[in-house]
Amino acid sequence: MTWLDNDTAAALREKFAITLAPTRTSAWRDAFASVPRHVFVPAFYTQDATGAWEHIGPGDPGYLEAVYSDRALTTQLDEQGIPTSSSSEPSLMLAMLDALDARGGDTVFELGTGTGYNAALLSHRLGDQNVITIDVDPDLAGAAAQRLAAAGLHPFVATGDGAGGWPERAPYRGFIATAALRAIPEAFLKQAAPGAVIVAPVGYGVLRVTVTAPGHGTGWFLPTPAHFMPRRTPSVAPAFDAALEAEPTTTATAPGDVLGRLRFPLSLALPGHTTCSWRGEDGELTAVGIWTEDGATATAHVSGTVRQVGPRRLWDVIETLAETFAGEPQRQEFHVNITPTRQTVWYRTPDGPAWDLPQPR
Ligand SMILES: C[S@@+](CC[C@H](N)C(=O)[O-])C[C@H]1O[C@@H](n2cnc3c(N)ncnc32)[C@H](O)[C@@H]1O
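Residues numbered from 1 in each chain as written. Predicted model: local features only at pLDDT ≥ 70, side-chain atom pairs only at ≥ 80, totals over all residues. Heavy atoms only, no water.

(A) Structural detail: the overall build of the protein. When you go through the protein residue by residue, the secondary structure sums to 12 helices and 19 strands. Rg of the C-alpha trace for the protein: 21 Å, near the compact-globule value of 21 Å for 361 residues, within the 12% margin. Looking at the protein residue by residue over its 361 residues, the buried ones come to 50%. Accessible surface, the protein as shown: approximately 16400 Å² in total, 52% of it carbon and sulfur. On the protein, the mean spot of the 26 positive side-chain charges and the mean spot of the 39 negative ones are 7 Å from each other. (Helix = DSSP H or I, 4+ residues; strand = E, 2+ residues; numbered from the N terminus. Rg over C-alpha atoms; globule rule 2.2 N^0.38 Å. Buried < 20%, exposed > 50% of the residue type's maximum accessible area, 1.4 Å probe, protein only. Areas by Shrake-Rupley, 256 points an atom, 1.4 Å probe, with all protein chains shown as cover. Lys, Arg positive; Asp, Glu negative; His and termini not counted. Charge placed at Lys NZ, Arg CZ, Asp CG, Glu CD.)

Now the structure itself:
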C-alpha cells in the first residue's frame, strides 16, 4: 500500500511492526507493516499537565512518531471532554488478533469500528469481503468507511449496537470486540460457526472464548491488562452526599487496592462499576469512591473509614475479594464457562471462587 503514504511514514511503520512483533511469531506483522495507521488516525488528542486536551495533527511535531508507537490514541471527545473513541494500543490489538486465531478466508465480525484501523488490519490479512465491522456512532462508521475505501479496502461497515451482531452475514469464524463488554453477547454465540473464537474485553481483561456448541463456550482471560472504553450505555451519578450521612464503619482493606491489585477481579464482581479517587496536595491517595448503576455507592478513606449507601454494600464485596486474593491475581488464571443461561468466570479451578457475568441479551 503506497497511497497517501510517504517515505518517512513507511520507514517509521516498518520499525514499528518489527518492534511490535520482533521475532516474526505473529502472522499479523505484515498487516501492521503494511496498513498505514496515520491514514486511520489523521489526528488525535493528548492531555497536557493541567488535563486540558490538545489536538495533534500531521503538521504538529511528533505526530507521526506517536502514530507509529505503541500508544493508544484518543480520537474523539464528547462535549465534557470525555474520550468516546480511540485507536487502541497496538500491542494490545496484536495480542487480541493473535488470540483470534483467524486465517485468510475466515469471516470475522468486529464490534467497535472506531477509526477503522483494526478493520483494515483484519481486511489486509483475511480479505475485506470477510470482515464485518460495526460502530454505534454513525459519524465514526462513515469516516472509517471512507478511510478504508481510500485504502482500497471494502469491508462491510455498519452502524448500530454491535451486541446484536449482524445476522445477515453469519455464521462467523471469529468475533472481536474493541469496546468493553459485561458478558459475551447472546447474538455472538448464536451467530458463531462451530469452533468459532470470540475475543472481547470483559471488565479490565480480555476474554478468549471458543464456541463449543450452539450457545455454549469455554475460555480464559489473556494475560494482558486491558482498559477499553465501555460499550456505550447511560451513566449514573454517585450518591456521595448520601454517603456522607451514612454510619461509618472501619476496614483493614487498603483503598488503593481498588485501583491496583483488585481492579480486575472487581470488574468481574461488580460489572460496570465506576471508581474515583481523591488525592492530597502531595499527590498521595486519600480516599476512593465506587458506585454502580443501581445507585449503590461507597467511599473509603486511607484512615480506614468506610461509608456505604444504596441497595447493596459495595465495600463488603471489595473486602471479600481482598480476603480471596493474597496478592495481585493473574488474569490467565481466570476461566469462563458459558451456557445459554449462565456465563461463569472461575479462578484456578472450576470449584474455586466464581462470579456470574450479567445475563447478556
Ligand atoms: C476503542 S474504540 C475502537 C477502536 C477501533 N477498533 C479502531 O481500530 O480504531 C471503541 C469503539 O467502540 C464503539 N462502541 C461503543 N459501544 C458500541 C456498541 N454498543 N456497538 C458498536 N460500537 C460501539 C465506540 O463508538 C468506539 O468507536
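Continuing now.
(B) Main features of the site of the ligand. The full set close to the ligand counts 25 residues, and Ser 85, Gly 112, Thr 115, Asp 135 and Gly 162 are the nearest of them. Between Ser 85 and the ligand, the recorded distance is 2.8 Å, taken from a side-chain N or O atom to an oxygen atom. Here Gly 112 contributes a backbone N or O atom positioned 2.8 Å from a nitrogen atom of the ligand. Among the secondary structure elements, those contributing two or more residues to the shell around the ligand are β4 (83-87), β5 (108-111), α6 (117-126) and β6 (131-135). At 4 residues, β4 tops the list of elements feeding residues into the shell around the ligand. Across the shell around the ligand, the residue classes break down as 6 nonpolar, 14 polar and 5 charged. (Near = heavy atom within 4 Å. Polar contact = N/O pair within 3.5 Å; in protein donor to acceptor, adjacent residues only side chain to side chain. Nonpolar A, V, L, I, M, F, W, Y, C, P; charged D, E, K, R; others polar.)

(C) Expanded view of the sheet that holds strand β10 (residues 205-213). Reading across from one edge, β7-β6-β5-β8-β9-β10-β11-β17-β18-β19 is the order of the 10 strands in this open sheet, with mixed pairing throughout. Pairing within the sheet leaves two strands with one partner each, and these edge strands are β7 (156-159) and β19 (354-356). Here the strands of the sheet are splayed against their neighbours by 15 degrees on average, with no regard to which way each runs. Of the pairings in the sheet, the one linking strand β11 (residues 216-221) to strand β17 (residues 334-338) comprises 4 bridges and is antiparallel in character. What sits directly across from Gly 219, in β17, is Val 336. (Pairing = 2+ DSSP bridges. Axes fitted to C-alpha atoms, helices over the stretch in contact; angles between N-to-C directions.)

(D) Up close: the sheet that holds strand β16 (residues 305-309). Pairing is antiparallel in the open sheet, where 5 strands are placed in the order β12-β16-β15-β14-β13. Sheet topology places β12 (249-250) and β13 (274-279) at the edges, where each strand pairs with a single neighbour.

(E) Structural context of helix α12 (residues 314-324). Those residues of α12 that fall on the buried side of the exposure criterion are Leu 314, Trp 315, Ile 318, Leu 321 and Ala 322. Mapping the buried residues of α12 onto a view down its axis gives an arc of 115 degrees, with all of them on the same face. Buried-residue contacts for α12 involve α10 (256-259), α11 (263-269), β14 (285-291), β15 (297-301), β16 and β19. (Arc of directions from axis to C-beta. Contact = heavy atoms within 4.5 Å.)

(F) Quick peek at helix α7 (residues 138-150). Across its 13 residues, α7 extends 18 Å between first and last C-alpha, which sits within 8% of the 18 Å expected from 1.5 Å per residue. Residues of α7 that are buried: Leu 140, Ala 141, Ala 144 and Leu 148. Along the axis of α7, the buried residues cluster in a sector spanning 95 degrees; they form a single face. Along α7, the residues that are exposed and aim more than 90 degrees away from the buried face are Pro 138, Asp 139 and Gln 146. Its side-chain oxygen at 2.8 Å from the backbone nitrogen of Asp 139, Asp 137 defines the N-terminal cap of α7. (Expected span 1.5 Å × (residues − 1).)

(G) Representation of the pairing of β10 within the structure. Pairing between strand β9 (residues 192-202) and β10: 6 bridges, direction antiparallel. Among the inter-strand pairings, Val 202 is bridged to a residue of β10, identified as Gly 205. With 6 bridges joining them, β10 and β11 adopt antiparallel strand pairing. The residue of β11 that forms the bridge with Val 211 is Gly 217.

(H) Structural context of the packing of aromatic side chains. Under the defined criterion, the tally for this structure stands at 20 aromatic pairs. On the numbers, 6.1 Å between centres and 20 degrees between planes, the contact of Phe 44 with Tyr 63 is stacked. With Phe 44 in strand β1 (residues 44-47) and Tyr 63 in helix α4 (residues 63-67), this residue pair connects regions lying 19 residues apart in the sequence. Judged by relative accessible area, Tyr 63 falls into the buried class, the value being 4%. The structure contains a cluster of three or more aromatic residues connected by ring pairs, namely Phe 221, Phe 264, Phe 325, Phe 334, Tyr 347 and Trp 355. Taking the ring centre of Trp 28 as reference, the NZ or CZ of Arg 125 above it sits at 4.9 Å. Positioned over the ring face of Tyr 204 is Arg 263, at 4.0 Å from the centre of the ring. (Phe/Tyr/Trp six-rings, centres within 6.5 Å; stacked < 30°, edge-to-face > 60°. Lys NZ or Arg CZ within 6 Å of the ring centre and 35° of its normal.)

(I) View of the pattern of salt bridges. Counted according to the given criterion, the structure contains 9 salt bridges. The closest approach of N and O atoms between Arg 182 and Glu 293, which form a salt bridge, is 2.6 Å. Taken as a pair, Arg 182 in the loop between β8 (172-177) and α8 (186-190) and Glu 293 in the loop between β14 and β15 lie far apart in primary sequence, 111 residues in all. A salt bridge links Arg 313 to Asp 316; its shortest N-O distance comes to 3.3 Å. Under the relative-accessibility criterion, Arg 313 is labelled partly exposed at 43%. Given the relative accessible area of 34%, Asp 316 is considered partly exposed. Linked through salt bridges whose partners overlap, the residues forming this network are Asp 101, Arg 103 and Arg 208. (Salt bridge = Lys/Arg side-chain N within 4 Å of Asp/Glu carboxyl O.)

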